[in-house]
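Residues per chain, in single letters:
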Amino acid sequence: MTVRNISGTYTQTDGTLLPGYNQSTSVLGFNPSFNTQMGGFIFGKQRYDIWGNETGYNVAEDARDNGWLVQNENLNRQYTNTHSKNINLRASLEPLKDLSIELSATKSFGTNTGEFYRWNPLSSAYESQSRVETSTLTYSNVSIGSAFVKLGNEYQSATFDKMLTNRKDVSRSLGEQHSNSALQTSGYHSGYGGAQQEVVMGAFLTSYTNRGISDKNINPIKNLPLPNWSINYNGLKNFEFMKKILRNFVLRHAYTSTVSVSGMQTNLNAEFDSNGDPIARDLNNNFISGMQVQNIVVSERFGPLIGFDATWNIKGQGLITKFEYKKDRNATLSLNNNQVTEILGEEFVIGVGYKFNKVKLPIKKIEASPVNLRFDFSFRDNLTVIRKVVENSNQATAGQKVISIKASADYNVTKFVTLMLYYDQTLNTPKIATSYPTGNINAGLKLRFNLAGVN
């Protein structure tokens, strides 16, 4: 195997905004007294180190201890800390001649902390009030293990069934780390029931990515990015038996998968003991997580799963052919109502193109000219299913089969005028009774004038 290229970048951005600073600035941002306590902050010290770990540094406390903050209980601007880090890895491989593989792995994490850091006249001290942290996370993933699961007659999914089963194992994994959680007769640990946020989240991630249950796999923040890939092979034309009939032939395959976590926000109702374990419970007697998560999305696409572009030698001209089979999936877990929305799609694409070298119209003043013919056909099957975790139900809410037919012919009437005949047709057949079939046809003739070069 030959490694053609490997590259990687790691970028980190941090920022701090502290309202209420009462000092004037001088050289390099120091105050007129050149207090060295601000030296670290002025030269770039932040709340996080270069690896993204919290250092415990807090510039607001330094400013408080040195009397650099106004004593204003009505200060209405937040003290904010922003932090983001991005990992981008790429590699180009050529294991065989004419076979190229492109690998890529990415991870992006961002967090923003806001709080009111102001004077409290009752305690005669500065206080942190209403501290809220929001975060987003996206990383490349491999979920191919659950990509080819067939649906049942009532849209049942073995992947979703596995998610429901995994909840007890995830509950056990979480409960064994909590000193005040014990196994119950239901099979769940106390505080970690079947609808608890971390239980549902861990079961979703392990089932839809087809991974084992572990402390790392059930927590998206601890997951490492996995490589996605694209593969091209164009060596078929080099075989002796293909040289006479084939000008070019490229086999293609590509796979991308990402996990995105959005709406992560501090839950102000959460409480923890001295060990950092949650102790506050909700109405269902489940532990309230420190971070409230809105949605987790697993997106997967084969673009294509298999495809080729070929140019054939036909009577001295090039017959262009194309074929693609694409497959995609988007599974969204909403933790507001504990339901999974799956959008599934499959698509077949066939294309043919041919150029007739000289065609003479039955008009004497028009010279013979090449004719370019093109025909494209695609068939796409979409389905949207809502799966409810607590009720264990599956319901198709949308979906359609879409057929697209496109054909065209181009003819150069003169050097500056091109005649084009075209035909476009789309047929849409819905899968649910509340929608009705539709069809559109667009056909006609176009004259295109090219004024470039006209004197």
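Residues numbered from 1 in each chain as written. Predicted model: local features only at pLDDT ≥ 70, side-chain atom pairs only at ≥ 80, totals over all residues. Heavy atoms only, no water.

Asker: An account of the overall build of the protein is needed here, citing residue identities and associated values.
Answerer: When helices and strands are tallied, the protein shows five helices and 14 strands. Relative to the globule expectation of 23 Å for 455 residues, the C-alpha radius of gyration of the protein, 31 Å, shows a markedly less compact shape. Considered along the principal axes of its C-alpha atoms, the protein spans approximately 100 × 70 × 50 Å. The proportion of buried residues among the 455 residues of the protein is 38%. If you take every contact in the protein between residues at least 6 apart in sequence, the share linking residues at least 24 apart comes to 65%. Here the protein displays about 25,100 Å² of accessible surface, and carbon together with sulfur accounts for 54% of that area. Positive and negative side-chain charges in the protein, numbering 46 and 37 respectively, have mean positions lying 15 Å apart. (Helix = DSSP H or I, 4+ residues; strand = E, 2+ residues; numbered from the N terminus. Rg over C-alpha atoms; globule rule 2.2 N^0.38 Å. Buried < 20%, exposed > 50% of the residue type's maximum accessible area, 1.4 Å probe, protein only. Contact = heavy atoms within 4.5 Å. Areas by Shrake-Rupley, 256 points an atom, 1.4 Å probe, with all protein chains shown as cover. Lys, Arg positive; Asp, Glu negative; His and termini not counted. Charge placed at Lys NZ, Arg CZ, Asp CG, Glu CD.)

Asker: So what about the packing of aromatic side chains? Which residues, and what values?
Answerer: Considering all chains together, one arrives at 14 aromatic pairs under this definition. Taking 6.2 Å as the distance between ring centres and 70° as the angle between the ring planes, the aromatic pair formed by Tyr-79 and Tyr-117 counts as edge-to-face. Note that Tyr-79 is positioned in strand β2 (residues 79-96) and Tyr-117 in strand β3 (residues 99-120), a separation of 38 residues in sequence. One exposure class covers both Tyr-79 and Tyr-117, and it is buried. (Phe/Tyr/Trp six-rings, centres within 6.5 Å; stacked < 30°, edge-to-face > 60°.)

Asker: Tell me about the environment of Ser-186, and name the residues and values.
Answerer: If you trace the backbone, Ser-186 turns up in the loop between α3 (158-175) and α4 (197-208). The exposure class assigned to Ser-186 is partly exposed, which follows from its relative accessible area of 39%. Between the alpha carbons of Ser-186 and Gly-8 there is a distance of 48 Å; along the sequence they are 178 residues apart. Among the polar contacts made by the side chain of Ser-186, one reaches the main-chain amide nitrogen of Tyr-188 at a distance of 3.4 Å. (Polar contact = N/O pair within 3.5 Å; in protein donor to acceptor, adjacent residues only side chain to side chain.)

Asker: Kindly report on the nonpolar core, identifying the contributing residues and their values.
Answerer: Of all hydrophobic cores here, the largest spans 29 residues; its most connected members are Met-163, Phe-204, Ile-296 and Val-340. Sorting elements by how many residues they give to this core places α4 first, with seven residues. What Ile-296 contacts, discounting residues up to four positions off in sequence, is Met-201, Phe-204, Leu-205, Val-259, Ser-260, Val-261, Ala-331, Thr-332 and Leu-333. (Core = buried A, V, L, I, M, F, W, Y, C linked by side-chain atoms within 4.5 Å.)

Asker: Got a sec to walk through the packing of α3 against α4? Specific residues and values, please.
Answerer: Here α3 crosses α4 at 130°, and the two axes come no closer than 7 Å. Taken as axis vectors, α3 and α4 run oblique relative to one another. Viewed along their axes, α3 and α4 form a crossing whose handedness is right-handed. Here Thr-159, Phe-160, Lys-162, Met-163, Asn-166, Arg-167, Val-170, Ser-171 and Leu-174 of α3 lie close against α4, whose contacting residues are Glu-198, Val-199, Val-200, Gly-202, Ala-203, Phe-204, Thr-206, Ser-207 and Tyr-208. Its residues assigned to classes, the contact of α3 with α4 comprises nine nonpolar, six polar and three charged. (Axes fitted to C-alpha atoms, helices over the stretch in contact; angles between N-to-C directions. Parallel < 35°, antiparallel > 145°, perpendicular 65-115°, else oblique. Left-handed = near helix turned anticlockwise from the far one by under 90°. Nonpolar A, V, L, I, M, F, W, Y, C, P; charged D, E, K, R; others polar.)

Asker: For the environment of Ile-320, give the residues involved together with the corresponding values.
Answerer: Mapped onto the fold, Ile-320 is located in strand β9 (residues 317-334). Given a relative accessible area of 40%, Ile-320 falls into the partly exposed group. Taking the C-alpha atoms as reference points, Ile-320 and Asn-248, 72 residues apart in sequence, are found 9.3 Å from one another. Filtering out sequence-adjacent residues up to four positions away, Ile-320 remains in contact with Ala-310, Thr-311, Gly-351, Val-352, Gly-353 and Arg-374.

Asker: Explain unusual backbone geometry to me, and be specific about the residues and the numbers.
Answerer: Note the cis peptide between Gly-303 and Pro-304, where omega equals 5°. With respect to the helices, strands and loops of the structure, Pro-304 is situated in strand β8 (residues 295-314). Residue Ser-130 is not a glycine yet carries a positive backbone phi of 55°. Secondary-structure assignment places Ser-130 in strand β4 (residues 125-140).

Asker: Account for α3, with residues named and values stated.
Answerer: For α3, with 18 residues, the first-to-last C-alpha span of 26 Å sits near the 26 Å given by 1.5 Å per residue. Along α3, the sharpest change in direction is near 35° and occurs at Asn-166. Close packing links the buried residues of α3 with α4, β9, β10 (339-359), β11 (369-388) and β12 (393-412). Of the residues flanking the start of α3, the one acting as N-cap is Ser-157, its side-chain oxygen 3.2 Å from the backbone nitrogen of Thr-159. (Expected span 1.5 Å × (residues − 1). Bend = angle between axes of the 7 residues up to and from the residue.)

Asker: So what's going on with a nonpolar patch on the surface? Residues and values would help.
Answerer: There is a patch of nonpolar side chains on the surface, built from Leu-421, Leu-445, Leu-447, Phe-449 and Leu-451 and spanning about 560 Å² of accessible area. Take the nonpolar patch: its biggest share by element is three residues, from strand β14 (residues 438-449). Looking at the element boundaries, Leu-447 is found in strand β14. (Patch = residues over 30% accessible without salt bridge, like charges linked within 9 Å, V, L, I, M, F, W, Y side chains within 5 Å. Salt bridge = Lys/Arg side-chain N within 4 Å of Asp/Glu carboxyl O.)

Asker: I'd love a proper account of the pattern of salt bridges, names of residues and values included.
Answerer: Applying the stated criterion across every chain yields a total of 15 salt bridges. Glu-342 serves as the salt-bridge partner of Arg-387, at 2.6 Å between the closest nitrogen and oxygen. Separated by 45 residues along the polypeptide, Arg-387 in strand β11 and Glu-342 in strand β10 bring together distant segments of the chain. A residue is classified by how much of its surface remains accessible, and Arg-387, at 0% relative accessible area, is buried. In this structure, a network of salt bridges that share partners links the residues Arg-252, Asp-309, Glu-324 and Lys-326.

Asker: Lay out the side chain of Glu-342 with the relevant residues and their values.
Answerer: On the basis of relative accessibility, which here comes to 3%, the residue Glu-342 falls in the buried class. A distance of 2.7 Å separates a polar atom in the side chain of Glu-342 from a polar atom in the side chain of Tyr-208. Polar contacts involving the side chain of Glu-342 include one to the side chain of Arg-387, which spans 2.6 Å. Residues contacting Glu-342, with those up to four places away along its chain left out, are Ser-157, Tyr-208, Arg-329, Asn-330, Ala-331, Leu-383, Thr-384, Val-385 and Arg-387.

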